[in-house]
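Chains, contacts and geometry: an overview
The primary structure of each chain is shown beneath.
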Amino acid sequence: LGFEPLNRVEFSLRPAEELDAEQAANIGSGGAPGTAPPGFGARVDGREARRWRFFQQRLGSNHWVAVARGPTTDVVDANGNFRQTLSRPTESFTEQEWREELEASEPLIQVVDVAFLVSGDAAEGYA
């Protein structure tokens, strides 16, 4: 996350008693595959980050991966290089389209060998 300083962001998990029955039943399981744990959210500078969604997935038996999905308008890009790579900035979405993007399922993380990430003949050295 590109918040400077990072301590501007506060992550939270609401207590089970503040969740509805279905959400509370999913605590510990992380909810349905590709969904955020119930009650998981964030505040930036004390304000709820409503245009953000957070997803958590198990990676192997001892690790978890968290993924944040949020508007490109929140990107900190001092040199302007990253924003130039965006194929569709958030500003081009209607409110409904953005809501659908936020609510879309998070694809499951796929573990691959390093060789998968290296192109061409160089991959042989990593197999």
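Below is a summary of the structure that appears in this document.

Scoring rules and cut-offs
Residues numbered from 1 in each chain as written. Predicted model: local features only at pLDDT ≥ 70, side-chain atom pairs only at ≥ 80, totals over all residues. Heavy atoms only, no water. Core = buried A, V, L, I, M, F, W, Y, C linked by side-chain atoms within 4.5 Å. Buried < 20%, exposed > 50% of the residue type's maximum accessible area, 1.4 Å probe, protein only. Contact = heavy atoms within 4.5 Å. Helix = DSSP H or I, 4+ residues; strand = E, 2+ residues; numbered from the N terminus. Salt bridge = Lys/Arg side-chain N within 4 Å of Asp/Glu carboxyl O. Phe/Tyr/Trp six-rings, centres within 6.5 Å; stacked < 30°, edge-to-face > 60°. Lys NZ or Arg CZ within 6 Å of the ring centre and 35° of its normal.

The biggest cluster of nonpolar side chains holds six residues, and these are Val 9, Ala 42, Val 44, Ala 49, Trp 52 and Phe 54. The contact partners of Ala 42, leaving out residues within four places of it in the chain, are Val 9, Glu 10, Phe 11, Arg 47, Glu 48, Ala 49 and Phe 54.

Relative to the elements of secondary structure, Val 111 occurs in the loop between helix H2 (95-103) and helix H3 (114-117). When the C-alpha atoms of Val 111 and Leu 59 are compared, they prove to be 8.2 Å apart, with 52 residues separating the residues in sequence.

It is worth spelling out the pattern of salt bridges at this point. Under the criterion given, the structure shown has four salt bridges. As a salt-bridge pair, Glu 97 and Arg 88 come within 3.0 Å of each other at their nearest N and O atoms. Given a relative accessible area of 38%, Arg 88 falls into the partly exposed group. Residues Arg 99 and Glu 95 are paired through a salt bridge, measuring 4.0 Å at the closest nitrogen-oxygen approach. Taken together, the residues span about one helical turn, with Arg 99 and Glu 95 both in helix H2 at a distance of four residues. Here the residues in one salt-bridge network are Arg 51, Glu 95 and Arg 99, joined through shared partners.

Enumeration according to the criterion identifies one aromatic pair in this entry. Geometry around Phe 93 places Arg 88 over its ring, the cationic atom sitting 3.9 Å from the centre.

One can find His 63 in strand E5 (residues 63-69). What His 63 contacts, discounting residues up to four positions off in sequence, is Gln 57 and Arg 58.

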